[in-house]
Amino acid sequence: MKKIFAFLLCVAMLTLCFVGCGETADENKGNADDTTVADDTTVADDTTAADDTNKVIKMATNAAFPPYEYKEGDAFVGIDVEIATAIAKKLGYTLEIVDMEFDSIITSVQQGEVDFGMAGMTVTDERLLEVDFTSSYATGVQSVIVVDGSDIASLDDLAGKKIGVQLGTTGDIYASGDYGEDNVTKYGKGADAVIALKGGDVSAVIIDNEPAKAFVAQNEGLKILDTEYAIEDYAIAVKKGNTQLLDDINKALEDLTADGTIDAIIAKFIKAE
Ligand code: GLN
């Protein structure tokens, strides 16, 4: 009886050792410093990707921000999607996109649910306290959308007006600071702020210039003011302290800039005026 018990104990210990070793291997395989991502190989097994490896890198985004990220049918498309795909390929990963509210992206990166966040995301001092940012790959400008014939012609005219923004964006942060929280209505999606503008619920929408152009092109009777509210750098957010992934992405970005890939991707989605 004692012998059987000792044998079972041995088997149990060996099993534990194997499980432990497996985790380490998985951790080393992934670039993420968080096991929840690296261990999540079932996701890779579920995908139909032709790639025969199961190395997946997860990106959090908010696919309602054309031309950086949006959906065409079930497919994710846009500048960030293509740049992220090129980065993943360079690093030997299959890209998996996790679509969420913009406001949840940083938390998701911090908690290691995803490896990085890419969503036309502006580098700000506040966000730098929460995540690390790669080098910048694009520039954004905060723009103001109004209806044709609006009496708002400049930033000064926004005082006391109802302003629509996308929750948690720099447009939200700046507008709330400059014009007062009471005057700012926050929507989950930029498109919903634009619908509110068309419906007369707000008098202006503050949002990044490229999505602004896309929304104005899709909707009659809107225009963008000839003014730049703020000029910003877009970068990719990674978990604080994950210097390996930060360095790898920066190196990939450097290569993709040098060989013209980044410019070509941006030019594909943003036509020169
Ligand atoms: N650039 C803005 C920000 O980082 C908006 C980004 C977005 O809505 N996807 O806050």
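Residues numbered from 1 in each chain as written. Predicted model: local features only at pLDDT ≥ 70, side-chain atom pairs only at ≥ 80, totals over all residues. Heavy atoms only, no water.

A. Looking closely at the overall build of the chain. Summing up its helical and strand segments, the chain has 11 helices and 13 strands in all. Across the chain, the fraction of contacts at a sequence separation of at least 24, relative to all contacts at a separation of at least 6, is 71%. Counting only carbon and sulfur atoms, one obtains 54% of the accessible surface of the chain, whose full area is about 13700 Å². (Helix = DSSP H or I, 4+ residues; strand = E, 2+ residues; numbered from the N terminus. Contact = heavy atoms within 4.5 Å. Areas by Shrake-Rupley, 256 points an atom, 1.4 Å probe, with all protein chains shown as cover.)

B. Fine view of the pattern of salt bridges. Under the defined criterion, the tally for this structure stands at 7 salt bridges. For Glu82, the salt bridge goes to Lys268, with nearest N and O atoms at 2.5 Å. Of this pair, Glu82 sits in helix 4 (residues 79–91) while Lys268 sits in helix 11 (residues 261–269), and the two are 186 residues apart along the sequence. A residue is classified by how much of its surface remains accessible, and Lys268, at 47% relative accessible area, is partly exposed. A salt bridge links Lys161 to Asp151, with the nearest nitrogen and oxygen atoms 3.8 Å apart. Of this pair, Lys161 sits in the loop between strand 7 (138–147) and strand 8 (163–166) while Asp151 sits in the loop between strand 7 and strand 8, placing them 10 residues apart in sequence. (Salt bridge = Lys/Arg side-chain N within 4 Å of Asp/Glu carboxyl O. Buried < 20%, exposed > 50% of the residue type's maximum accessible area, 1.4 Å probe, protein only.)

C. Spotlight on the confidence of the model for the chain. Summing up the model confidence of the chain, the mean pLDDT is 86 and the portion of residues at 70 or higher is 80%. Confidence drops under a pLDDT of 50 for residues 1–51, and excluding neighbours within four residues, the segment shows 43 contacts in the predicted structure. (pLDDT = per-residue confidence, 0-100.)

D. Fine view of the site of the ligand. As a structural note, the neighbourhood of the ligand is formed by 13 residues, with Ala119, Thr122, Arg127, Thr170 and Asp208 the closest of them. Contacts to the ligand include Ala119, whose backbone N or O atom sits 2.8 Å from a nitrogen atom. Thr122 has a polar side-chain atom sitting 2.8 Å from a nitrogen atom of the ligand. Bound to the protein, the ligand loses 100% of the 300 Å² it would expose on its own. Per-class residue counts for the shell around the ligand are 5 nonpolar, 5 polar and 3 charged. (Near = heavy atom within 4 Å. Polar contact = N/O pair within 3.5 Å; in protein donor to acceptor, adjacent residues only side chain to side chain. Nonpolar A, V, L, I, M, F, W, Y, C, P; charged D, E, K, R; others polar.)

E. Inspection of the environment of Pro66 at higher detail. In this fold, Pro66 is placed in the loop between strand 1 (56–61) and strand 2 (70–72). The class for Pro66 is buried, based on a relative accessible area of 10%. Between the C-alpha atom of Pro66 and that of Glu210, which follows or precedes it by 144 residues, the distance is 7.1 Å.

F. Inspection of the pairing of strand 7 at higher detail. By the criterion of burial, strand 7 is predominantly enclosed, with 8 of the 10 residues buried. Relative to strand 10 (residues 204–208), strand 7 runs antiparallel, the two being bridged by 4 bridges. When the sheet's bridge partners are listed, Val144 is paired in strand 10 with Ile206. Pairing analysis gives 3 bridges linking strand 7 to strand 11 (residues 222–224), with the strands arranged antiparallel. What sits directly across from Val147, in strand 11, is Leu222. (Pairing = 2+ DSSP bridges.)

G. Just unusual backbone geometry, in detail. Cis peptide bonds are those with omega within 30 degrees of zero, and the linkage from Pro66 to Pro67 qualifies with 0°. Tracing the backbone shows Pro67 in the loop between strand 1 and strand 2.

H. Molecular detail of the packing of helix 4 against helix 11. For the pair helix 4 and helix 11, the least separation of the axes is 9 Å and the interaxial angle reads 155°. Considered as vectors, helix 4 and helix 11 are oriented roughly antiparallel to each other. Along this stretch, helix 4 crosses helix 11, giving a crossing that reads as right-handed. Touching Ile79, Glu82 and Ile83 of helix 4 are Ile262, Ile265, Ile266, Lys268 and Phe269, all from helix 11. Tallied by class, residues from the contact of helix 4 with helix 11 come to 6 nonpolar, no polar and 2 charged. (Axes fitted to C-alpha atoms, helices over the stretch in contact; angles between N-to-C directions. Parallel < 35°, antiparallel > 145°, perpendicular 65-115°, else oblique. Left-handed = near helix turned anticlockwise from the far one by under 90°.)

I. Spotlight on helix 8 (residues 190–198). Considered for burial, the residues of helix 8 that qualify are Gly190, Ala193, Val194, Ala196 and Leu197. Down the axis of helix 8, the smallest arc covering the buried residues is 155°, so these residues share one side. Of the surrounding secondary structure, the elements contacted by the buried residues of helix 8 are strand 7, strand 8, strand 9 (184–187), strand 10, helix 9 (209–218) and strand 11. Positive backbone phi, at 85°, marks Gly200, one or two positions downstream of helix 8. (Arc of directions from axis to C-beta.)

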